[in-house]
Amino acid sequence: MEDINILEFLSYIKKHLVFFALVVIFTLIICLFYFMVLRRPVYSSEVSMTLTGVSGNDSKITTNDITLNSKMLPTYQEIITSRKVLEQVIDNLKLNKTVGDLASNIKITAATDSMVLSVRVVDSNRVVARDVANEVANIFGSEIKNLYNIKNVTILDKAIASDDPDNMNYAKFLVISFMGGIFVALAGLLFVFFIDNTVKSVEQVDSKMDMIVLGAIPDYHTMSKSTKKGGKKHE
């Protein structure tokens, strides 16, 4: 595999600027078509819940309550995405989804040593994302009470419908598409440049073929253009 002369490749790109620009524009058009026509927007909504005292009706929160809630966080997360909870959400909201599909759209976060649980739901319908998040929080609180005979889940912030989709950043996508077009154009020109074995200049004969050049036939078209320009100036 021969080494690629950077200066020769840059000169090759300069000679094929039209092709380079067309590839960039064509790639940009394809990416924009996918982004604006084929890609479905995805919205997210998040509900926050606090884990209060676990001692029945006692409103005071003790150190034991905090410790117990912290240890129970993994269990709480499993309960939220359990079939028992999600089947009720699907039935109550009349969703055309399976439990697996709905579970894959739910993300649960909880800071270390925190008594706040956040449930984030994504969906192509912003209203559905909001309703699912709120319904999951309501049913989760009821199931905790039924399973452990405690009422320690309080909704801190209800989910609201988002106006802006999470995956439709136009400026970022334009930049990525433009850079992708440049990459494709460079890759195409590099491939053609690499497999092109024709000799295009006297310098290439010296460098690649290790032969002494005794003479060269000038380009007739180039000479004709220069002659015409010189004739016009002379006139």
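This text goes with the structure placed above it.
Here is what the cut-offs are and how they apply
- Residues numbered from 1 in each chain as written.
- Predicted model: local features only at pLDDT ≥ 70, side-chain atom pairs only at ≥ 80, totals over all residues.
- Heavy atoms only, no water.
- Helix = DSSP H or I, 4+ residues; strand = E, 2+ residues; numbered from the N terminus.
- Buried < 20%, exposed > 50% of the residue type's maximum accessible area, 1.4 Å probe, protein only.
- Contact = heavy atoms within 4.5 Å.
- Polar contact = N/O pair within 3.5 Å; in protein donor to acceptor, adjacent residues only side chain to side chain.
- Pairing = 2+ DSSP bridges.
- Salt bridge = Lys/Arg side-chain N within 4 Å of Asp/Glu carboxyl O.
- Core = buried A, V, L, I, M, F, W, Y, C linked by side-chain atoms within 4.5 Å.
- Phe/Tyr/Trp six-rings, centres within 6.5 Å; stacked < 30°, edge-to-face > 60°.

**Some details on the overall build of the protein**
For the protein, the count of helices and strands is 9 helices and 4 strands. Order of helices (α) and strands (β) in the protein, N terminus to C terminus: α-α-β-α-α-α-β-β-α-β-α-α-α. Taking all 235 residues of the protein together, 29% fall into the buried category. Contacts in the protein between residues far apart in sequence, at least 24 positions, make up 76% of those at least 6 positions apart.

**Quick word on the side chain of Ser162**
As for its position among the elements, Ser162 is in the loop between strand E4 (153-157) and helix H7 (170-195). On the basis of relative accessibility, which here comes to 19%, the residue Ser162 falls in the buried class. Side-chain polar atoms of Ser162 contact the backbone oxygen of Asp164, separated by 3.0 Å. Residue contacts for Ser162: discarding those within four places in its chain leaves Tyr43, Ser44, Ser45 and Arg126.

**Focus: the pairing of strand E1 (residues 43-51)**
Counting buried residues along E1, 8 of its 9 residues qualify, which places the element largely inside the surrounding structure. Looking at chain direction, E1 and E4 are connected through 4 bridges and run antiparallel. By the bridge assignment for E4, Ser48 is matched with Asp157.

**Re the pattern of salt bridges**
In this structure the tally under the stated criterion is 6 salt bridges. Across the pair Arg126 and Asp163 runs a salt bridge, and its minimum N-O distance is 3.2 Å. Taken as a pair, Arg126 in helix H6 (residues 126-148) and Asp163 in the loop between E4 and H7 lie far apart in primary sequence, 37 residues in all. On the accessibility criterion, Arg126 (33% relative accessible area) is partly exposed.

**Overview of the nonpolar core**
Counting residues in hydrophobic clusters, the biggest one holds 31 residues, and the most contacted among them are Tyr76, Leu117 and Phe140. The dominant element in this core, judged by the number of residues it contributes, is H6, at 7 residues. Discounting chain neighbours no more than four positions away, the residues touching Phe140 are Met49, Tyr76, Ile79, Ile80, Leu117 and Val153.

**Quick look at the packing of aromatic side chains**
In the structure shown here, the tally under the stated rule is 4 aromatic pairs. Ring centres of Phe35 and Tyr170 lie 5.1 Å apart, and the angle between their planes is 85°; on these two criteria the pair is classed as edge-to-face. In this pair, Phe35 sits in helix H2 (residues 17-38) while Tyr170 sits in helix H7, placing the two residues 135 residues apart along the sequence. Phe35 gets classed as buried once you look at its relative accessible area, which sits at 1%. In this structure Tyr170 comes out as partly exposed when scored by relative accessible area, which is 48%. When the centroid spacing of 4.1 Å and the interplanar angle of 20° are considered together, the rings of Phe35 and Phe173 count as stacked. Taken together, the residues Phe35 in helix H2 and Phe173 in helix H7 connect sequence positions 138 residues apart. This pair shows no difference in class: Phe35 is buried, exactly as Phe173 is. In this structure an aromatic cluster arises from ring pairing among Phe35, Tyr170 and Phe173.

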